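# Residue-level structure breakdown
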Amino acid sequence: MLDAEKGFREEWYAQPLSKSGPVISMAVPSSYNDITQDKDLRDHIGWAWYDRLFYVPSRWQTDKQRVVLRLGSAHYNSIIYLNGHSLTSHEGGHLPIMADITTKLVYGKENLVTVAINNTLTPETIPQGTIVKHNDPSRYPPGYFAQSYNFDFTNYAGIHRPVYIYTTPQTFIDDILITTDINGANGVITYNVTHGNTMIGPSRSGEVGCSMKLLDNEGDHVTSAMGCQGTIEISNASLWWPYLMSENPGYMYTLLVAVSDADGNLDLYPQKVGIRTLGWNSTTLTINNKPLYLRGCGKHEDADIRGKGVDYALIVKDFSLLKWLGANSFRTSHYPYAEEIMDMADKEGIMIIDESPAVGLSGFDEALMNKHISVMQELVQRDKNRPSVIMWSVGNEPKSNEAAALNYFSAVVNSTKAFDPTRPVTCVLAVDKHSDLAVCKFVVFFRKVVSATKSADPSRPVTCVLNKPKEKEYAASSLDVILVNRYYSWYGDTGHLEVIKMQTVTEFSEWHLLHNKPVMISEYGAGSLPGYHMDPAWTWSEEYQAELMIRNFEAFDELRSKGYFVGEMIWNFADFSTPQGHTRPGGNRKGIFTRSRQPKMAAHVLRYRYHNLANDTLTN
Ligand code: E9O
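So, a few notes on the structure that sits alongside this text. Going along each chain's sequence as written, the residues are numbered from 1 onward. At least 70 in pLDDT is required for a residue's local features to be given in this predicted model, at least 80 for side-chain atom pairs to be given and counted, and no such filter applies to totals for whole chains, interfaces and linings, which use all residues. Where side-chain values are given, they derive from all heavy atoms of the structure, hydrogens and water being excluded.

### What about the state of the cysteines?
Whenever a pair of cysteine sulfur atoms sits within 2.5 Å, that pair is classed as a disulfide. Summed over the entire model, instances satisfying the criterion amount to one disulfide. Across a sulfur-sulfur distance of 2.0 Å, Cys210 and Cys228 are joined as a disulfide pair. Here the S-S torsion is close to 85°, and the disulfide linking Cys210 with Cys228 is therefore right-handed. Placement of Cys210 in strand β12 (residues 209-215) and of Cys228 in the loop between β13 (221-226) and β14 (229-234) is noted, with a sequence separation of 18 residues between them. With no disulfide of its own, Cys297 lies closest to Cys427 among cysteine sulfurs, the gap being 19 Å. Look at Cys297 and you get buried, because its relative accessible area is 1%. Cys427 gets classed as buried once you look at its relative accessible area, which sits at 0%. The helix and strand labels rest on DSSP assignments: H or I over at least four residues marks a helix, E over at least two residues marks a strand, and numbering proceeds from the N terminus. Only protein chains enter the accessibility calculation, which uses a 1.4 Å probe; a residue is then buried when its area is under 20% of its type maximum, exposed when over 50%, and partly exposed in between.

This is the structure in structure tokens:
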């Protein structure tokens, strides 16, 4: 039910919504926007309400079960009520919401869950948007406003991911932390299990014990261990390898975790474990001590009708297409994706750059920073055990030419590293880094002078008096790997495909020169309308998109030979929905697949390259 600011006043949560006004039939999980023929629902900004009556068996109460309500996500701000009482609230549209509802249910009877969702974005939310109020009464009706965004994709809203009610015993597994390592041919799994107790019955939490059983990927027993913390070493372990880097990519063991107490409560959780190590230095990324080259794409959770709603068939289709392409990775641009997608990535050996919802940020104040840090904490908490996640991305295309970005990103990146010291951290950049080769030469020059001075006298610190910072980009210095989005011959020098190679090589060598870190291109591409052909290539034709890619490949190959270029990701996997606009014919058309997942000419070109790259990596 759509709300124009009345729902809270009229206490819509106190009874089924149908008693407060006309309700719309709605599917969960799905975005609500594209499901009906109603333009007001598609374009709605503000509160929308969902509800559902459900029953729970009285046996759950007699069995002293703990009951949890879990929403995979709800976009953007949500308040959840149970049986007319406020239960919990959550800010942010892409991470799970959980609440213990054991004592709030009526057992053996009808219960009512109500979810109020608001999709409004402001400069204080992550991501940001602005509400533009139009006050001219001769041109707009009273109270007229529009929402604008700091990004180009449709801000789909609704309950996007599955909603579950599940039970555990009153002594339960609260969390499991897994880290893995390699010791010669052996794999090492370190685990830490934390448990809780709901105190429904007499608590004897002092007597809680943990035991582990490790199973291989066929479910056969490998080894067992006792204790809530510990290390398991497996001789001749099967490692987790990415797609096309091994015969058996995505190999995962199952750590069967059991927590039990003296009252006979037993909670079991089958935790998947992929054994792999990650490494990074100033030029290289490694997995299991082998150098990595990422060949992938930026994606979106986006499809006809359901918008950003989880769709199992679509997940299988997208992974099938990624493998057909020969891709080994993608970035969850520009927000955390559904756990069902992450599960597939673990299983199929597709590596993930796991991105926060911080797209297009600006105005770097402390309040935003604290919010950003807690989003990173929630993201790490959710995805920490996934072998597929090889890098955290704290954001995409921040306005990091604002000087405040320096301290801001150093704080966000350092906090992320404290939450998870095992993975590299990046942020996807787009602002100009001071595109002047002279500056880079200057940096190299001073590095040499400083190190020569230091070796002549190691006993004193060395300085140089500066008048102003030389770099216009302020986030890169905090990152482990530099990812940059560049659209030569699309957003700049449009139509001039011949400048791509030169400009790309110059730009990415400079990023490495300036920061002495591995670099990769995280977006490049062109829009194309499938079926529109022009030769010689012309913007929006399939030929133009394909030729732009081939010119980029020439640059990437030259950069790869320099030894610090660690990956390429096309923008975008598929065409996706955007707000209406004169530069977006039917959405963003930079997909190499159409929105219904059929290949454009570009997909065939990329497929040829990615399979060749995969063979290179196998033979080297
Ligand atoms: C972010 C992505 O979500 N990067 C954008 C993509 C695009 O297609 C968008 O879909 O627009 C590209 C940013 C390129 C920056 C150059 C801007 C020049 C404007 C004249």
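Moving on from the coordinates now.
### Brief notes about the pairing of strand β5 (residues 97-100)
Residues Ile97 and Ala99 of β5 are buried on one face, while the alternating residues Met98 and Asp100, pointing to the opposite face, are not. Only strands that DSSP links by at least two bridges are regarded as paired with each other. Here strand β2 (residues 66-71) pairs with β5 via four bridges, running antiparallel. Bridge pairing links Arg70 to Met98 in β5.

### As for a nonpolar patch on the surface
On the surface, Met98, Tyr164, Tyr166 and Tyr312 cluster together to form a nonpolar patch covering roughly 420 Å² of accessible area. Position of Tyr312 relative to the elements: it lies in helix α3 (residues 312-325). The patches described consist of residues with a relative accessible area above 30% and no salt bridge, like charges being joined within 9 Å and nonpolar side chains (Val, Leu, Ile, Met, Phe, Trp, Tyr) within 5 Å. Note that accessible areas follow from Shrake-Rupley with a 1.4 Å probe, and for residues the cover is restricted to the protein chains shown. In the sections that follow, a salt bridge refers to a side-chain nitrogen of Lys or Arg positioned within 4 Å of a carboxyl oxygen of Asp or Glu.

### Structural notes on helix α5 (residues 366-383)
Between the first and last C-alpha of α5 there are 26 Å, a value that for 18 residues agrees with the 26 Å anticipated at 1.5 Å per step. The complete set of buried residues in α5 reads Leu368, Met369, His372, Ile373, Val375, Met376, Leu379, Val380, Arg382 and Asp383. Note on definitions: a residue-residue contact is assigned when non-hydrogen atoms from the two residues lie within 4.5 Å. Where α5 is buried, its residues meet α4 (339-348), β22 (351-355), β23 (389-396) and α6 (405-419). Nitrogen and oxygen atoms within 3.5 Å of one another constitute a polar contact, given that in protein one can donate a hydrogen and the other can accept it, and given that sequence-neighbouring residues count only through two side-chain atoms. A distance of 3.4 Å separates the backbone nitrogen of Ala367 from a side-chain oxygen at the start of α5, and that oxygen is part of Asp365. Residue count minus one, scaled by 1.5 Å, sets the expected span of a helix.

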